[in-house]
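Examination of the molecular architecture
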Amino acid sequence: MKFWFSIWGLIITSTAVLGQATEVYQGSTVYLGKYIGDEHYEFVFDDTVKIKNGFYTFESRLITEAFTGEINQLSVDGRFRNGKFDGVWDYKLLELQLEIEKLNLLRNVTLSYEINGFESSTKFNFNEGLANGLWFVENRKIESNRRLNEQRECFLSFDQGLAVGNFGFDSFSGTGKVTGDLNEEGFLEGQITFEYIEDGHAIKEIREYSDGFLLKIIKYSQEDNVLLEELIYDDVMDQLEKKNGKFEGIDFTISEEGFGILFQNGYNEEDPKLTTQKNGNSILFDLISRFERYSDRTDTLESKPPIYNFTRRFKFVYPETDDSLTNVLQPVLNSMVEEYNDFLSNPRIILNRQRIDSLDYIFGFIDQSRRNVDRLIDVVDLMKEGYFDFLYRPNYFPNGIPGLNRQRNFIYESNGGEVEAPFDIGVFIDSPDALLEQMVVYTKTLQAKTDDMLSYLSKEIRIFDQQATIDTLDLQIVQKKAKTDALYSYFSIIPEGKKIEDMPLDYRLYRIITNNLIQDLQAEYLDEENFDTKVSLGEEIVCVLEFFEDNLNNIKEIENMPDELDRKFTRYSPNPFFERDIETKILPAIYQKGAVRLYEHYLDRMFGSRSCEEIKRRFNRFGILNSRLLDLSSRSDEQEVQRLDRALRRENVPTRIARLLNL
């Protein structure tokens, strides 16, 4: 008996299968992150865990791109066993191009169109989630709305997840063809034949592999059967003769793992033993991609991605001294490149390029040194990361490190143009067999060379900077002295019959400080040869002048301070006999000792100041004194204040007066 019911678009069917309730799910999903459609599958529950078990189908909706006319549709038919892919899985994919030719506006509106494209049918075989058995892709071309004959494009066999046995690929679009065999361990074996187009010519390429090791590549012209190229991997043959032995002083063994399509034995990017593989390898990549388009290549509980060993490599064991040398080199190189970067980005260096003739050359030399050190860091990083564990390092650097293996020129900017100069430190890295040893020598030599340059430049810049600092101080002093002279009427003539003591406080203070302090500092400043001392004297002069520049109004307030305090310490009461009120001084001792005696003492001290700090400190005492006296005048009726007034009557020493006033 079957029960059907619908909950939010889900249809679940329950039946009794081997004592377990098998249910059926149907709902919307997104397949491979692209195709939106409906899936339909059987599942069972193991406790609370949902496990797919039985048939699985998926049918995507038509995916249309309105502006390009593309139409895509995917259907999938397969089975699960205990939550894993099992048996045959069929994938059918339509990739079509729709071209609308005409809209017929008759009684019945019709559309004239043409459809072209491909229908791809792919079969996968699985065993408990692992690729197992034959996988193949067949394509059918659709041309002018007609389906043409089906053609097998590629096939590949698997044994419990590992690609093995014979394989073939004949691109449906005609871009390439390959046939060959994989041994039971999944490595390319024997003769692999490729056909492809290169620069408009049909090429036949034959490769010879031995257990995943590439031994030979021969290329013919298919048009006239002329031999175009024959490349022998003699390094591989030599190493295979010495299996698990020593090759040119380096121990090696045969790797067990696979490394995919590209065969590498340490060849650099320009080595023909690497570049000649390009066209054939691209066909092998196309072969695998035909299958991988239906899989996201992730390892899941339902299926595991196939393993493509294809090629293997030698595993090299380099001398232990290599680790010691790289451990020494790495921090030194990192420190050097950091020092170079600091130099090249230093604003002082950039600004001084116009006034130091040799700086442009040194700047360019250091910039090239940084590039060279970056190259060395890259090589050291590759070594420490184990990059050459499966790549023969002398093959990768057959002539040493490119760019560092012979004298080269560098270009630097000077006077708005470019200048070319030789970069020569007298040593090179040009031996593949003594690479690290030469790297150490090169690093030490370059470091010594650039240290000398930076030391010389530092002295030159220091001289320029010191002179620039002195020039700036000279200008500051002249400008500020002219300004303060004007502010304080320094050149004013004392009127006849008057003394300097009769002049305003600001005039007196500025003239006395100028004559007694500023002029002495200026004389010392001009005669001083030591840079630090000279700067200190100049800054002292500027400090004094800035004080007067900022405090003209404050000095005038200090001059008026006694009068202001006199008013605060005066009380007025009605006079029964005269119209004028009776004036009474409150706290006469506090007023006399503070506003007169201590005030005059502070002025004397101010006139005798011998540094900017003393001027500022002694100047601030007036403000403290004024605030204290104003506070006491506001509390004149308090007994404590009156006691203080009585105590001050007997005091005349300024320091004791200040102490009693709590200053």
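Residues numbered from 1 in each chain as written. Predicted model: local features only at pLDDT ≥ 70, side-chain atom pairs only at ≥ 80, totals over all residues. Heavy atoms only, no water.

With that out of the way, let us pick up a negative patch on the surface. Taken together, the side chains of Glu338, Glu339, Asp342, Asp451 and Asp452 make up a negatively charged region of the molecular surface. A per-element tally of the negative patch places helix H4 (residues 320-344) first, with three residues. Relative to the helices and strands, Asp452 is located in helix H8 (residues 435-487). Asp452 gets classed as exposed once you look at its relative accessible area, which sits at 56%. (Patch = residues over 30% accessible without salt bridge, like charges linked within 9 Å, V, L, I, M, F, W, Y side chains within 5 Å. Areas by Shrake-Rupley, 256 points an atom, 1.4 Å probe, with all protein chains shown as cover. Salt bridge = Lys/Arg side-chain N within 4 Å of Asp/Glu carboxyl O. Lys, Arg positive; Asp, Glu negative; His and termini not counted. Charge placed at Lys NZ, Arg CZ, Asp CG, Glu CD. Helix = DSSP H or I, 4+ residues; strand = E, 2+ residues; numbered from the N terminus. Buried < 20%, exposed > 50% of the residue type's maximum accessible area, 1.4 Å probe, protein only.)

Turning our attention to the nonpolar core. One broad rule of soluble globular proteins: the nonpolar side chains tend to lie buried together. Of all hydrophobic cores here, the largest spans 105 residues; its most connected members are Trp89, Phe343 and Met439. In terms of residues, this core owes the most to one element, helix H6 (residues 359-384), which gives 12 residues. Contact partners of Met439, with chain neighbours within four places excluded, come to Leu329, Leu376, Val379, Val380, Met383, Ile401 and Ile429. Counting 53 residues, the second largest nonpolar core, distinct from the first, contains Tyr488, Leu587, Tyr599 and Leu625. (Core = buried A, V, L, I, M, F, W, Y, C linked by side-chain atoms within 4.5 Å. Contact = heavy atoms within 4.5 Å.)

One open sheet accounts for three strands, arranged E20-E21-E22; its pairing is antiparallel. The open sheet is flanked by strand E20 (246-247) and strand E22 (314-317), the only strands paired with a single partner. Packing against the sheet, helix H1 (residues 234-241) makes contact with E20, strand E21 (250-254) and E22, and its axis sits at approximately 75 degrees to E22. (Pairing = 2+ DSSP bridges. Axes fitted to C-alpha atoms, helices over the stretch in contact; angles between N-to-C directions.)

On to the side chain of Glu153. By the element assignment, Glu153 lies in strand E13 (residues 146-159). For Glu153, a relative accessible area of 4% puts it in the buried group. Apart from residues no more than four positions distant in its own chain, Glu153 is found in contact with Val137, Glu138, Asn139, Gly168, Phe169, Asp170, Ser171, Phe172 and Arg290.

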